[in-house]
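Summary of the model geometry
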Amino acid sequence: MSLKDHLMQLECLYNELPKKVKMLVRKADVSSITSSISATLSLFAKASKTWFGQDEYEEIDNPNYPEESYEAFILRMIKYKKLKIEKVLDLK
């Protein structure tokens, strides 16, 4: 495989990862208000399911889901690809 092919693969791996991620930044302390509203809505939702006889589903972890996340795998592949490129360039 040529160096160009290796670099194209490395670029493809990098393109699988977001350059920026969104993070929640709280501007004011409204957690107590949000918490009480959330708790009230949760109680109402549970009560309405009981009143109307709706089934309730629980979300559980999928036992077949890989332990390594997709992003962790891509990061690991980037590391290996960089090592391979260094070998092709006789740097290692």
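See above for the structure.
Bear in mind the structure is a predicted one, so any value in this text is a computation, not a measurement.

Calculation notes
Residues numbered from 1 in each chain as written. Predicted model: local features only at pLDDT ≥ 70, side-chain atom pairs only at ≥ 80, totals over all residues. Heavy atoms only, no water. Helix = DSSP H or I, 4+ residues; strand = E, 2+ residues; numbered from the N terminus. Expected span 1.5 Å × (residues − 1). Buried < 20%, exposed > 50% of the residue type's maximum accessible area, 1.4 Å probe, protein only. Arc of directions from axis to C-beta. Contact = heavy atoms within 4.5 Å. Axes fitted to C-alpha atoms, helices over the stretch in contact; angles between N-to-C directions. Parallel < 35°, antiparallel > 145°, perpendicular 65-115°, else oblique. Left-handed = near helix turned anticlockwise from the far one by under 90°. Nonpolar A, V, L, I, M, F, W, Y, C, P; charged D, E, K, R; others polar.

Our focus in this paragraph is helix α3 (residues 70-88). The end-to-end C-alpha distance of α3, which contains 19 residues, comes to 27 Å, matching closely the 27 Å that a straight helix rising 1.5 Å per residue would cover. Within α3 the residues assigned to the buried category are I74, I78, K81 and I85. In an axial view of α3, the angular spread of the buried residues amounts to 70°, which keeps them on one side of the axis. Turned more than 90 degrees off the buried face of α3, the exposed positions are K79 and K87. Lining the buried residues of α3 we find α1 (3-15). Two residues or fewer after α3 comes D90, characterised by a positive phi angle close to 60°.

Further remarks concern α1. In an α-helix, one turn spans 3.6 residues; hence positions three or four apart end up facing the same way. Over its 13 residues, α1 extends 18 Å from the first C-alpha to the last, a length consistent with the 18 Å expected when each residue adds 1.5 Å. Taken together, the buried positions of α1 are occupied by H6, L10 and L13. Looking down the long axis of α1, one finds its buried residues gathered within 55° of arc, a one-sided arrangement. Exposed residues lying more than 90 degrees from the buried face of α1 are K4 and N15. The inward-facing, buried residues of α1 contact α3.

All right, on to the packing of α1 against α3 then. Here α1 crosses α3 at 160°, and the two axes come no closer than 10 Å. One finds that α1 runs roughly antiparallel with respect to α3. When you trace α1 past α3, the crossing you get is left-handed. Together, L3, H6, L7, Q9, L10, L13 and Y14 of α1 and I74, M77, I78, K81, K82, K84, I85 and V88 of α3 make up the contact between the two elements. Within the contact of α1 with α3, the residues separate by chemical class into ten nonpolar, two polar and three charged.

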